[in-house]
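Observations on chain architecture
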Amino acid sequence: MPEMTIMQVTVTLLAAGTLYSLLGVWGVLHHEYERHALLLLGFVTALLAVAIALRWIRIGHGPFVTMFEILLSNVFSIGLVYLVAALWVPAVRHGIATVYCILLVLAAWALAAPTTETPLPPTYHNAWLWAHVTVGKLFLGVCVAAVGLATILLLRLRHSNWWCREDNVVAADRAVWRLMMLAFVFHSLMLIAGAAWAQDAWGRYWAWDPLETWSLLTWCALAITLHLRVTFSRLPQAAGWSLVIGVFGLAFLTFFGVPFVSVAPHKGAM
Amino acid sequence: MIRFLRSLASLKLTLAGMVGFAVGVIVYRGDISHTQWWVAAPLLLLAFNLLAAIVTNPRFRYQPGLLLFHICLLLIAGLAAVDKLIAFEGTVEIVAGTAFAADQVRHLRRGPWHRTQLHQVEFTQGDLRVEYVDGLRRGRTSSTLWLPRTPGAIERIQVGDKRPLIAAGYRFYTTSNKGYAALLTWRDRNGVALTGSINFPSYPLNDWKQNNQWIMPNGASLDISLLVAPQAYARRTAWTLDDETTPGRIRVRHAGAERVLAPGERIAIAGGSIQFEEARMWMGYRIVYVPLLPWLLVTALTGVLGLTWHLWGKFGRAAPRAATAGMEASPTNA
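Presented here is an overview of the structure given in this document. (Residues numbered from 1 in each chain as written. Chains lettered and ligands numbered in written order. Predicted model: local features only at pLDDT ≥ 70, side-chain atom pairs only at ≥ 80, totals over all residues. Heavy atoms only, no water.)

A short note on the overall build of chain B
- Check the secondary structure of chain B and you find eight helices and 15 strands.
- Radius of gyration (C-alpha) of chain B: 30 Å, far over the 20 Å computed for a compact globule of 334 residues.
- The buried share of chain B, reckoned over its 334 residues, is 42%.
- Summarising the internal contacts of chain B: among those between residues at least 6 apart in sequence, 59% fall at separations of at least 24.
- Here chain B has roughly 17800 Å² of accessible surface; of this, 58% comes from carbon and sulfur atoms.
- The distance from the centre of the 36 positive side-chain charges to the centre of the 22 negative ones in chain B is 14 Å. (Helix = DSSP H or I, 4+ residues; strand = E, 2+ residues; numbered from the N terminus. Rg over C-alpha atoms; globule rule 2.2 N^0.38 Å. Buried < 20%, exposed > 50% of the residue type's maximum accessible area, 1.4 Å probe, protein only. Contact = heavy atoms within 4.5 Å. Areas by Shrake-Rupley, 256 points an atom, 1.4 Å probe, with all protein chains shown as cover. Lys, Arg positive; Asp, Glu negative; His and termini not counted. Charge placed at Lys NZ, Arg CZ, Asp CG, Glu CD.)

Written out as structure tokens, the structure reads:
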């Protein structure tokens, strides 16, 4: 199976990228390490695009059903969204080490997941599914970009020799919150498209299934975090960044934990 | 009054309401053993908090995108509440060749303001076809329905999976619940005939227990089993569940005796006789009444549009590169 081979190469490259970017954060490497790490990530993302295309052509549907497919497509989409964000907002590049760590975990998990080919359930033949999946992946990608930066900013509090200039921190902090606001827009759209899909697929737009409940909680956590920042102007930066990481933790659990322990229709059960 | 409204409009109260809502969601989770007030009470608090903020906070009013987003949230909560009051949810099983009967509908949820119009729905169940792609993995479902249109005219439509029948505001969705039914005719000593059907459990999910009981008009009960041949799914290959795969014989047990009947055969039973007409398929439908659905969708999308407008106005004007220009020239940790 070619995509499995590509996935093995991907994990190796991601492991190398993680090590390289961590050394960069630690101050061992030249300051251009971010650019090199981004180039490597671009290559990995292109490889994953090939893997997805090969599997799509062979089994006749997109990577929507099995755990392997969902993880594969998420490593690709997070990488792609992060690359776009890093090109658009240079401050985002400082979080690349964290992003590599997250991608490595997901890719290694994909290697361990069964690569069984499952037909697309009839409820998945729906345009709303495409909208739901697309905005969901945009949400997760933007969230990972924010959390990458927030983690590095938090670590900087312990190692203040990183990024000596204070304006770096100001710009990075601003980028974190802008990305979280963008994530809120995408998450809201994901809930709407998901409800429209559920109405078509199962005849109800909201049924409190575990995935719906947890995604609503993630939306609430995101809204609370954004309101906290507005309400308390003296909210310590570290608290804000920690909340961002917490929101991502909840989103990660919702995306990759709940669908695989629940027997709800979201699992694609027939 | 203004002081009270200002207190009610506090952002800290907003946060308390949101935390309360999140806690309510965790407790409630659609579990009907818990009261809906876990979710409704924080939402009410947030609604009053928002209304007060709109009245007392001019900065809020001067940000139209943000205002639009919050008003839409308010409308969504209102629409969802009305939806709860007027919604209907039920199920029905219809045998091929028979007409939908409103009195056969099993009510699952009915809002207090729902005025049933199910008796206005008219259609007859036609052929059914369910594709299985691999053993028991269900593929597409297709159900033919016959709808009376202008006097004397009948329209044939196809529903299934994402395509429901929409009639009198109700949506009829096909479900995974479907199977076989036996059509039986009871004749009493005077020759008065009564034809009805008995549905066997959902197939192929319950292929091992295709039996049911039929209470005859004279009060006696009959145990009836459908004799199902091994199906293609046992070989884990693609197969289709349709009229052509419908089994042809039933086994009838009564008073210690049993007999296998083919279509058209009958047995004499005390007080009359039972004739097995034929086996047919039945389809289980999920019926929902959600007339506010399009309004909910439009309101939600408008809200997100408002939020996007707000964010664009706030951040879109300042180029991100300019905002971070200092970083690219800054010394790093190297």
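Concerning the pairing of strand S5 (residues 154-159) of chain B
All names here are of chain B.
- The pairing of strand S4 (residues 137-148) with S5 spans six bridges and is antiparallel. Counterpart to Thr144 in the pairing with S5 is Gln158.
- Two successive antiparallel strands, S4 and S5, enclose a turn made up of five residues, where Gly152 displays a positive phi of approximately 90°. (Pairing = 2+ DSSP bridges.)

Some thoughts on the interface of chain B and chain A
- On the side of chain A, 56 residues touch chain B, which itself brings 53 residues to the contact.
- With both sides pooled, the region where chain B packs onto chain A buries about 4800 Å², and carbon together with sulfur makes up 72% of that total.
- For the side of chain B that touches chain A, the secondary-structure elements that each account for two or more residues are helix H2 (11-28), helix H5 (64-86), S4, strand S7 (170-188), strand S15 (272-289), helix H6 (293-316), helix H7 (320-323) and helix H8 (325-328) of chain B.
- Of the residues forming the side of chain B that touches chain A, the biggest block, 11 residues, is contributed by H2(B).
- Here the side of chain B that touches chain A is built from residues that sort into 31 nonpolar, 10 polar and 12 charged. (Buried area = accessible area lost by both parts, 1.4 Å probe. Nonpolar A, V, L, I, M, F, W, Y, C, P; charged D, E, K, R; others polar.)

Overview of the packing of aromatic side chains
Residue and element names in this part refer to chain A.
- Per the counting criterion, the structure on display carries 23 aromatic pairs over all chains.
- Measuring from ring centre to ring centre gives 5.7 Å for Trp56 and Trp130, while their planes differ by 25°; the resulting arrangement is stacked. Taken together, the residues span a long stretch of sequence, with Trp56 in helix H2 (residues 33-59) and Trp130 in helix H5 (residues 127-158) at a distance of 74 residues.
- Since its relative accessible area comes to 33%, Trp56 is described here as partly exposed. (Phe/Tyr/Trp six-rings, centres within 6.5 Å; stacked < 30°, edge-to-face > 60°.)

Observations concerning the nonpolar core
- Judged by nonpolar contacts, the single largest core of 108 residues is most densely connected at Leu14(A), Tyr82(A), Val92(A), Phe139(A), Met180(A) and Phe184(A).
- Considering each element in turn, this core owes the most residues, 14 residues, to helix H6 (residues 166-202) of chain A.
- Leu128(B), Tyr170(B), Phe172(B) and Ile267(B) belong to the second-largest nonpolar core, a separate cluster that totals 46 residues. (Core = buried A, V, L, I, M, F, W, Y, C linked by side-chain atoms within 4.5 Å.)

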